[in-house]
Amino acid sequence: MATLLESRAGAAKLGIPLMITSFVMVAGFLFWLSVTAKPTEVVLPDPEDIFENVVSLADFSVDPRGYIGEAVSLEGVRLGERFGNHFRWINLPDAQNNAFLLHWSDSLRADTTIALTTLASGTIVSLSGIVTNTTDSIVEEWSAAGAFMIPVESQVARSTYHLSFLEVTRIKPPDAPRPGQGVGSGSG
C-alpha cells in the first residue's frame, strides 16, 4: 500500500505548476490574438441602395405578369387590408383598380426592426421583393406555415388577379414624426 501512495506523490506535486502554466499559455494566446488580429469594418447598407430596380406602381399595374421572377421595388404603395397572418392587399392603379397580394417573407417577419403588425391600412410604404406566380404548392406551403386564419383564405390566394404575388423582402415604413411635430401634438 505504501508503494502505491508513494508513486502518486509526484503527480500531486505537478498540479499547481500545470495550472499556472495553462493560465500563462491562455493569457499569451489572447495577447497574441490581440496583437495580430486585424479590425473588421462593418459597412451598413445605405438606405438609398436598398431599393434597386424601382418601378412605378402605375407601370407595374399595366402588366404585373411581365415582372414575374424579377426583383422590383415599388415606392409610394398604400397598404390595404390584412389578409391572413402573412399578407396585405394593395390596389393597383389600373382601370379596374384590381387588388394585388403582398406576402411578407420569412426574413421580413423575423426582422425585429420593423413591426409589421403596426402598419395600419392606408399606410404608404416603399417595398422591395420578387414577383412570383401563385401555384398550388406555394399556397400549400403557406397553409403549412399558418399563413391563413380560415380555410377559405387559401382559395382566395389561389384566385388572386394575375395569379401572382409580390414576395416582400424589404419594406420602409414612413418616418415617424418627431415628438411635438405630429398632428394633435398640442403645440399650436
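Predicted model only: the values in this text are computed from it and were never measured. (Residues numbered from 1 in each chain as written. Predicted model: local features only at pLDDT ≥ 70, side-chain atom pairs only at ≥ 80, totals over all residues. Heavy atoms only, no water.)

Across its full length, the chain carries 7 helices and 6 strands. Ordered by position in the sequence, the α and β elements of the chain form the string α-α-α-α-β-β-β-β-α-β-α-α-β. Taking all 188 residues of the chain together, the buried fraction comes to 30%. Long-range pairs, those at least 24 residues apart, make up 69% of the contacts in the chain between residues at least 6 apart in sequence. When the accessible surface of the chain is summed, it comes to about 12500 Å², and 60% of that surface belongs to carbon and sulfur atoms. (Helix = DSSP H or I, 4+ residues; strand = E, 2+ residues; numbered from the N terminus. Buried < 20%, exposed > 50% of the residue type's maximum accessible area, 1.4 Å probe, protein only. Contact = heavy atoms within 4.5 Å. Areas by Shrake-Rupley, 256 points an atom, 1.4 Å probe, with all protein chains shown as cover.)

Taken together, Ile16, Met19, Ile20, Phe23 and Val24 make up a surface patch of nonpolar side chains, about 530 Å² in accessible area. For Ile16, the location among the structural elements is in helix α2 (residues 15-36). Taking relative accessible area as the criterion, Ile16 reaches 55% and is therefore assigned exposed. (Patch = residues over 30% accessible without salt bridge, like charges linked within 9 Å, V, L, I, M, F, W, Y side chains within 5 Å. Salt bridge = Lys/Arg side-chain N within 4 Å of Asp/Glu carboxyl O.)

Before going further, it helps to spend a moment on the nonpolar core. If you look at the biggest cluster of nonpolar residues, it comprises 22 residues, and the most contacted ones within it are Phe60, Leu127, Leu166 and Ile171. If near-sequence neighbours (up to four positions away) are discounted, Leu166 is found in contact with Val72, Leu74, Phe100, Leu101, Leu102, His103, Leu127, Gly129, Ile130 and Val131. (Core = buried A, V, L, I, M, F, W, Y, C linked by side-chain atoms within 4.5 Å.)

Here Ser61 shows up in helix α4 (residues 57-62). In this structure the side chain of Ser61 is engaged in a polar contact, spanning 2.9 Å, whose partner is the backbone oxygen of Ala58. Not counting residues up to four positions away in its chain, the partners in contact with Ser61 are Leu92, Pro93 and Asp94. (Polar contact = N/O pair within 3.5 Å; in protein donor to acceptor, adjacent residues only side chain to side chain.)

Here we come to the environment of Thr123. Here Thr123 lies in the loop between α5 (106-110) and β5 (124-133). With 46 residues separating them in the primary sequence, Thr123 and Val77 have C-alpha atoms 8.0 Å apart. A distance of 2.6 Å separates the side chain of Thr123 from the backbone oxygen of Ala120, its partner in a polar contact.

Within this structure, the stated rule accounts for 6 aromatic pairs. Between the aromatic rings of Phe83 and Trp89, the centroid separation amounts to 5.2 Å while the plane-to-plane angle is 55°, which identifies the pairing as tilted. Residues Phe83 and Trp89 agree in their burial class; the two are buried. An aromatic cluster is defined as three or more aromatic residues linked by ring pairs; in this entry it consists of Phe83, Phe87, Trp89 and Trp142. (Phe/Tyr/Trp six-rings, centres within 6.5 Å; stacked < 30°, edge-to-face > 60°.)

Moving on, we come to helix α6 (residues 136-144). Taken together, the buried positions of α6 are Ile138, Val139 and Trp142. Considered in projection along α6, the buried side chains sweep an arc of 100° and stay on one side of the axis. Opposite the buried face of α6, by more than 90 degrees, sit the exposed residues Glu140, Glu141 and Ala144. In the stretch just after α6, Gly146 is the one whose phi turns positive, near 80°. (Arc of directions from axis to C-beta.)

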